[in-house]
Amino acid sequence: MEYFLELFLGGLTRGSIYALIALGYTMVYGIIQLINFAHGEIYMIGAFTALIFASVLSILGWPALAIFVVATAAAVLYSSAYGYTIEKIAYTPLRNAPRLSPLISAIGMSLFLQNYVLLAQTSDFLPFPQLIPDFEFMEPISHIFSSAELAIVLTTVIVMLLLTYYIKFTNMGKAMRATAQDKTMALLIGINVDRVISVTFIIGSSLAALGGVLIANHIGQVNFYIGFIAGIKAFTAAVLGGIGSIPGAVLGALILGWTESFATGYISSDYEDVFAFGLLVLILIFRPAGLLGRSETKKV
Amino acid sequence: MLEIKNMNTYYGNIQALHDINISVKQGEIITLIGANGAGKTTTLMSMSNVVTPKQGEITFLGEQLLTKKPDDIVKMGLIHVPEGRHIFPYLSVMENLDLGAFLRNDKAGIKKDLDHVFELFPRLHERRNQQGGTLSGGEQQMLAISRALMAQPKLLLLDEPSLGLAPIIVRQIFDIIKRINKENGTTIFLVEQNANLALKVADRGYVMENGHITLEDTADNLLANEDVKKAYLGI
């Protein structure tokens, strides 16, 4: 039973990270129907930014928790700036181009950012300091659920609630939903669609950066390549849940996290990816639009 | 109120509009009639600057529109109800209406306008919590017009409001259009394929063919014009 619980919580942690990244994919897709392949790199850049800030601040002798807060804030800011800039450089000029063009531009951006970090940093795995202390109240269960994991799950829950509120009730949130559903009409009621797209990229990038910092803190190392794998998994989660759907991304991420965790725990860690992508294949066969996705219906 | 001078609009290399000249005075109902593909919708899209004309000028209330962004044009009170209604399908009727007032901040005024559209279209009030995509075609057209009214239009551009609707609904919608013009003093620019109906409510009309304005006259004269009768009224 305890083993089951450990796997369950492990899957929850994984799923939370996937969810934080998957939201960026799904929101951007919802607004401009683009798979932003550079999104995984934003997550990686978030982790690196936090590492740089954490290194400097720990030399200055700051307490761990304060470092965590400042490094996270810095990661979110940097990644947002990257996300915003990527959209302006790589996607805005292709807004009216055939759909394949921005997709290729996205892949190019992804490769560029990976290699940029590879050159600027190193190809080695760099140790990431433990910034979230082991809380005393977590002591009795720390062997199956660490403080770092708790931080991941809690942050994800809080972020989901805030995001849901933002999308449902704020003016910008309404503008986002309107733009996702009908871009021409959004223009005609006076929504600044360019701004909505920028805000979408900034929110998606912030969430990815948050995921990057939390996972680096949990695993204890970073490398220029982490964004690729996490990005592919989160993208899978988004498709699983129905790309374009925000609750779908979270649901898909959790299912993917648990699938991987249980498959690793009960069968073999070698099959982790087999189960993850096998599940995707099944879903695409039986529900091509994803679990919560909408298939296109048009009324004439 | 609105003055279009020598406007040319292109889609890529293809010229869709040739030297369009249109003028609209405060309080009028103007109609633009013509066959499929004549350029009526493009004319409206050019006014809202969703499609940017290559040459010419559009002045609205004394200001140049061509250099303005679509949201600035909405802010000035030029509101466009596009062809096909474009209801946000997964938003409720209320949310659709709220979005019509997207650029407004005057809570009291918005509330007043909301009551006004519910009075014009009681049906929308009944369906206010329903998703836009689940409404019937006629209800969607009512919602599209109502959403535009929520933006406090000075000039309302209506693109084919009769499209695909039952005759009884069409009559109801046209009655409301006349009411909006009379009671609110809103100037109306109506694009229609149903020329007979459009000319009956309009003060003046323009006839469009292959991207050119070919005729311009009072609605009554156009109704009596032999060419118009033959080409558009089927008489």
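As a starting point, this report considers the structure included with it. Counting starts from 1 at the beginning of each chain's written sequence and moves along it residue by residue. Chain labels run from A onward and ligand labels from 1 onward, assigned in the order the entries are written. The model is predicted, so local features are restricted to residues of pLDDT at least 70 and side-chain atom pairs to those at 80 or more, both for listing and for counting; the totals for chains, interfaces and linings are taken over all residues. Only hydrogens and water are removed before side-chain values are computed, so all heavy atoms of the structure are retained for them.

**Considerations on the overall build of chain B**
- To qualify as a helix, a DSSP run of H or I must reach at least 4 residues; to qualify as a strand, a run of E must reach at least 2; elements of each kind are numbered from the N terminus. The helix and strand inventory of chain B stands at ten helices and ten strands.
- Here the globule rule is a power law, 2.2 Å times the number of residues to the power 0.38, and the radius of gyration is based on C-alpha atoms. In terms of overall dimensions, chain B is globule-like: its C-alpha atoms have a radius of gyration of 17 Å, near the 18 Å expected for 235 residues.
- Based on the C-alpha atoms only, the size of chain B along its principal axes is roughly 45 × 40 × 30 Å.
- Each residue gets one of three labels from its accessible area relative to the maximum for its type: buried under 20%, exposed over 50%, partly exposed in between, using a 1.4 Å probe on protein chains only. When the 235 residues of chain B are sorted by exposure, 53% land in the buried category.
- By the convention used here, residues are in contact when the closest approach between their heavy atoms is within 4.5 Å. Partitioning the intrachain contacts of chain B with sequence separation of at least 6 by distance along the chain shows that 67% fall at a separation of at least 24.

**Focus on the interface of chain A and chain B**
- Contact with chain A, which involves 20 residues of that partner, is made by 27 residues of chain B.
- Carbon and sulfur atoms make up 64% of the surface buried where chain A meets chain B, a total of about 2100 Å² over both sides.
- Whenever Lys or Arg places a side-chain nitrogen within 4 Å of a carboxyl oxygen from Asp or Glu, that contact is recorded as a salt bridge. Across the contact surface, chain A and chain B share two salt bridges.
- Here R177(A) makes a salt bridge to E95(B), at a shortest N to O gap of 3.1 Å.
- Whenever two N or O atoms come within 3.5 Å, that pair is a polar contact, provided that in protein one can donate a hydrogen and the other can accept it, and provided that, for residues adjacent in sequence, both atoms are side-chain atoms. Taken together, chain A and chain B are joined by three residue pairs in polar contact (both at pLDDT 80 or more). Put simply, buried area is the surface a 1.4 Å probe can reach on two separate parts but cannot reach once they are joined, added for both.

**Here we look at unusual backbone geometry**
Residue and element names in this part refer to chain B.
- Phi is positive for H86, which is not a glycine, with a value near 50 degrees.
- If you check the backbone angles, E160 has positive phi at about 50 degrees while not being a glycine.
- You can call E160 buried: its relative accessible area is 4%.

**Some thoughts on the environment of M47(B)**
Residue and element names in this part refer to chain B.
- For M47, the location among the structural elements is in helix α1 (residues 40-47).
- Classification of M47 by relative accessible area gives buried; the value is 0%.
- Taking the C-alpha atoms as reference, M47 lies 18 Å from G84; in sequence the two are 37 residues apart.
- Those residues in contact with M47 that lie beyond four places of it in its chain are L2, I4, I58, L65, I73, L157 and F189.

**Considering helix α10 (residues 226-233) of chain B**
Residue and element names in this part refer to chain B.
- Among the residues of α10, those classed as buried are V228, Y232 and L233. The arc that holds the buried residues of α10, viewed along the axis, is 75 degrees, so those residues lie on one side. With respect to the buried face of α10, the exposed residues turned more than 90 degrees away are E226, D227, K230 and A231.
- On the buried face of α10, the contacting elements are β3 (29-34), α8 (195-201), β9 (204-209), β10 (212-218) and α9 (219-224).
- Measuring from the side-chain oxygen of the N-cap residue of α10 to the backbone nitrogen of D227 gives 2.8 Å; that N-cap residue is N225.
- Downstream of α10 by one or two residues, G234 has phi in the positive range, about 65 degrees. Each direction from the helix axis to a C-beta atom contributes to the arc, which is the arc of those directions.

**Considering helix α6 (residues 171-181) of chain A**
- Here α6(A) lies mainly inside the structure; eight of its eleven residues are buried.
- For α6(A), every residue scored as buried is listed here: M172(A), G173(A), K174(A), A175(A), M176(A), R177(A), A178(A) and T179(A).
- Looking at the packing, one finds that the buried side of α6(A) touches α1 (2-32), α5 (147-169), α7 (183-188) and α8 (193-219) of chain A together with α3 (93-100) of chain B.

**Some remarks on the packing of α1(A) against α5(A)**
Residue and element names in this part refer to chain A.
- Throughout, an axis means a line fitted to C-alpha atoms (over the contacting stretch in the case of helices), and angles, computed between N-to-C directions, take values from 0 to 180 degrees. Remark: α1 packs on α5, axes separated minimally by 9 Å, with the N-to-C direction vectors making an angle of 35 degrees. The handedness of the crossing between α1 and α5 comes out as left-handed. Taking contact as the criterion, the partners of G10, L12, T13, S16, I17, A19, L20, L23 and M27 in α1 are, on α5, E149, I152, V153, T156, V159, M160, L163 and I167.
- Looking at side-chain class alone, the contact of α1 with α5 contains twelve nonpolar, four polar and one charged residues. A crossing counts as left-handed when the near helix is turned anticlockwise from the far one by less than a right angle, and as right-handed when that turn is clockwise. When residues are grouped by polarity, Ala, Val, Leu, Ile, Met, Phe, Trp, Tyr, Cys and Pro land in nonpolar, Asp, Glu, Lys and Arg in charged, and all others, Gly among them, in polar.

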